[in-house]
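Residues per chain, in single letters:
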Amino acid sequence: MKKELHPEYHQAKVTCTSCGNEFTVGSTEEEIKVEVCSQCHPFYTGKQRFSDRGGNVEKFNKKYGRNK
């Protein structure tokens, strides 16, 4: 294998800018900043909002009084 071909591999410190959570991962970068992490993302925290609006056909039927 050629020498100095591959980049150096570091234990990178990841910092979430939203909640301030910090953790380490392996990367070629030494420091990584993310906007959303698993501690503050709505899907992982269970605070995800589901909107039950219905589809386009239901909207059309409701608008033009074709409900059955």
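The rules behind the values
Residues numbered from 1 in each chain as written. Predicted model: local features only at pLDDT ≥ 70, side-chain atom pairs only at ≥ 80, totals over all residues. Heavy atoms only, no water. Disulfide = S-S within 2.5 Å. Helix = DSSP H or I, 4+ residues; strand = E, 2+ residues; numbered from the N terminus. Phe/Tyr/Trp six-rings, centres within 6.5 Å; stacked < 30°, edge-to-face > 60°. Buried < 20%, exposed > 50% of the residue type's maximum accessible area, 1.4 Å probe, protein only.

**Some details on the state of the cysteines**
By definition, a disulfide is the covalent link that joins the sulfur atoms of two cysteine residues.
For step 1, the next point in the chain: One pass over the structure, following the stated rule, counts zero disulfides.
For step 2, the next point in the chain: Here Cys-19 is not disulfide-linked; the sulfur of Cys-37 is the nearest cysteine sulfur, at 3.6 Å.
For step 3, the next point in the chain: As a non-bridged cysteine, Cys-40 has Cys-16 as the owner of its nearest cysteine sulfur, 3.6 Å distant.

**So, unusual backbone geometry**
For step 1, the next point in the chain: Even without glycine at this site, Glu-4 takes up a positive phi of about 60 degrees.
For step 2, the next point in the chain: Mapped onto the elements of the fold, Glu-4 is located in the segment before β1 (10-16).

**What about the packing of aromatic side chains?**
For step 1, the next point in the chain: Summed over the entire model, instances satisfying the criterion amount to one aromatic pair.
For step 2, the next point in the chain: An angle of 50 degrees between the planes, with centres 4.8 Å apart, marks the rings of Phe-60 and Tyr-64 as tilted.
For step 3, the next point in the chain: Of the residues examined, Phe-60 reaches a relative accessible area of 39% and is grouped as partly exposed.

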